[in-house]
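Here are the chains, one letter per residue:
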Amino acid sequence: MALLSAGMLSSCGEYNKVLKSTDYEYKYEAAKAYFAKGQNSKAATILEELIPIMKGTTNAEESLYMLAMTYFNQGDYVTASHYFNTYYTTYPRGIYTELARFYSGKALYLDTPEPRLDQSSTYKAIQELQMFMEYFPTSQRKLDAQDMIFALQDKLVEKEYLSAKLYYDLGSYTGNSSYSSTGNNYQAAIVTAQNALREYPYSNMREELSLIVLRAKYDLAKESVQEKKEERMRDAIDEYYAFKNEFPESKHSKEVENIFKEASKYVNK
């Protein structure tokens, strides 16, 4: 890229001169110079004006990618992803298409919220990164994209864990012995945790999710009516054996053994 000298753009007056100019080639070179100096806001303002004008010219492709990068560098990841998406849609075989797809996914990744909040944007980020890997399976950035996907999946797992734990906690403090009142909360905890275990079998939260299932099955059995108590205690004991088989050195071993000991009291030998 041919750039204007840094000295030419060192003053506020020069920037105002660029904004007022009707010489679009001069403006374009100025935008590139501001971008190269890390003055992304100034570059973005100029490029926003130029892009509609430069459509169809030899500089249109580079200017659109550069605009997306200015927003990425400023931390405006939603706008950055929008422009990266516009770039690779407009130029599917462009010079910067691989980079645009990668940074579109990375921008969405950086914009995802903490696990307690709605995770719609997390799913979108995963989809964008998966599409990058599908289009560029041999890219040098493939491993970075995979790492981001794994991190996003961990966030989704944590969201499910928090939901399951909430259901479990609701069931544990109601104090009502009827199945309809407390059982539904425990059952919801079981279903939520089991779904997460099936969907994300390699999660690093697998042990914590499995513990919630065991706890909830035992407490569900405790709160059950008498004619269903033994059957549900047997189910809790089966869950205990599954847990011990998968996590023989669990840090929760003492609690798990106590659950097994108490559940066994309700089962006819």
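The coordinates are above.
Attention here is on the structure that accompanies the text. Computed from a predicted model, the values in this text were never measured in an experiment. (Residues numbered from 1 in each chain as written. Predicted model: local features only at pLDDT ≥ 70, side-chain atom pairs only at ≥ 80, totals over all residues. Heavy atoms only, no water.)

Some remarks on the overall build of the chain
What the chain contains, in helices and strands, is 12 helices and 0 strands. Seen in sequence order, the chain has helices and strands lined up from the N terminus as α-α-α-α-α-α-α-α-α-α-α-α. Taking 2.2 N^0.38 as the reference for a compact globule, 269 residues should give roughly 18 Å; the C-alpha atoms of the chain span a radius of gyration of 28 Å, well beyond that estimate. Taken along the three principal axes of its C-alpha coordinates, the chain extends 90 × 40 × 30 Å. Taken over 269 residues, the chain has a buried fraction of 45%. Taking as baseline every contact in the chain between residues at least 6 positions apart, the subset at least 24 positions apart corresponds to 58%. By element, 50% of the accessible surface of the chain is carried by carbon and sulfur atoms, the whole surface being about 14,600 Å². (Helix = DSSP H or I, 4+ residues; strand = E, 2+ residues; numbered from the N terminus. Rg over C-alpha atoms; globule rule 2.2 N^0.38 Å. Buried < 20%, exposed > 50% of the residue type's maximum accessible area, 1.4 Å probe, protein only. Contact = heavy atoms within 4.5 Å. Areas by Shrake-Rupley, 256 points an atom, 1.4 Å probe, with all protein chains shown as cover.)

Some details on the packing of aromatic side chains
For the coordinates displayed, the defined rule picks out 19 aromatic pairs. Between F72 and Y103, the aromatic rings sit 5.1 Å apart at their centres with planes inclined by 70°, giving edge-to-face as the arrangement. Taken as a pair, F72 in helix α4 (residues 60-74) and Y103 in helix α6 (residues 97-110) lie far apart in primary sequence, 31 residues in all. F72 gets classed as buried once you look at its relative accessible area, which sits at 11%. (Phe/Tyr/Trp six-rings, centres within 6.5 Å; stacked < 30°, edge-to-face > 60°.)

A closer look at helix α7 (residues 120-135)
Between its terminal C-alpha atoms α7 stretches 23 Å, which fits the 22 Å expected from 16 residues at 1.5 Å a residue. Taken together, the buried positions of α7 are T122, A125, I126, E128, L129, F132 and M133. Projected onto a plane normal to the axis of α7, the buried residues spread over an arc of 165° and lie on a single side. Turned more than 90 degrees away from the buried face of α7, the exposed residues are K124, Q127 and E134. (Expected span 1.5 Å × (residues − 1). Arc of directions from axis to C-beta.)

What about the side chain of T112?
Relative to the assigned elements, T112 resides in the loop between α6 and α7. Overall, T112 belongs to the buried group, its relative accessible area being 12%. A distance of 2.8 Å separates the side chain of T112 from the backbone oxygen of Y109, its partner in a polar contact. Ignoring anything within four residues of it in the chain, the contact list for T112 reads S121, T122, A125, L152 and K155. (Polar contact = N/O pair within 3.5 Å; in protein donor to acceptor, adjacent residues only side chain to side chain.)

So, the nonpolar core
Core analysis: the largest hydrophobic core is formed by 60 residues, its most contacted members being Y65 and F84. Per-element accounting of this core gives the leading share, 9 residues, to helix α8 (residues 142-172). When neighbours within four sequence positions are excluded, F84 is seen to be in contact with Y65, A68, M69, F72, A100, Y103 and S104. Core analysis: the next-biggest nonpolar cluster, separate from the first, contains 14 residues, Y218, M233, A236 and I237 among them. (Core = buried A, V, L, I, M, F, W, Y, C linked by side-chain atoms within 4.5 Å.)

Overview of the pattern of salt bridges
By the definition in use, this model includes 14 salt bridges. Among the ionic pairs, E49 bridges to K27, the shortest N-O distance being 2.7 Å. Within this pair, whereas E49 is found in helix α3 (residues 40-54), its partner K27 is found in helix α2 (residues 24-36), the two being separated by 22 residues in sequence. Judged by its relative accessible area of 33%, E49 is partly exposed. A residue is classified by how much of its surface remains accessible, and K27, at 1% relative accessible area, is buried. Of the charged contacts, one joins K251 and E208 as a salt bridge, the two residues approaching to 3.9 Å between their closest N and O atoms. Here K251, found in the loop between α11 (226-246) and α12 (253-264), pairs with E208, found in helix α10 (residues 206-222); they are 43 residues apart in sequence, far enough to count as distant. Looking at K251, the relative accessible area reads 68%, which means it is exposed. (Salt bridge = Lys/Arg side-chain N within 4 Å of Asp/Glu carboxyl O.)

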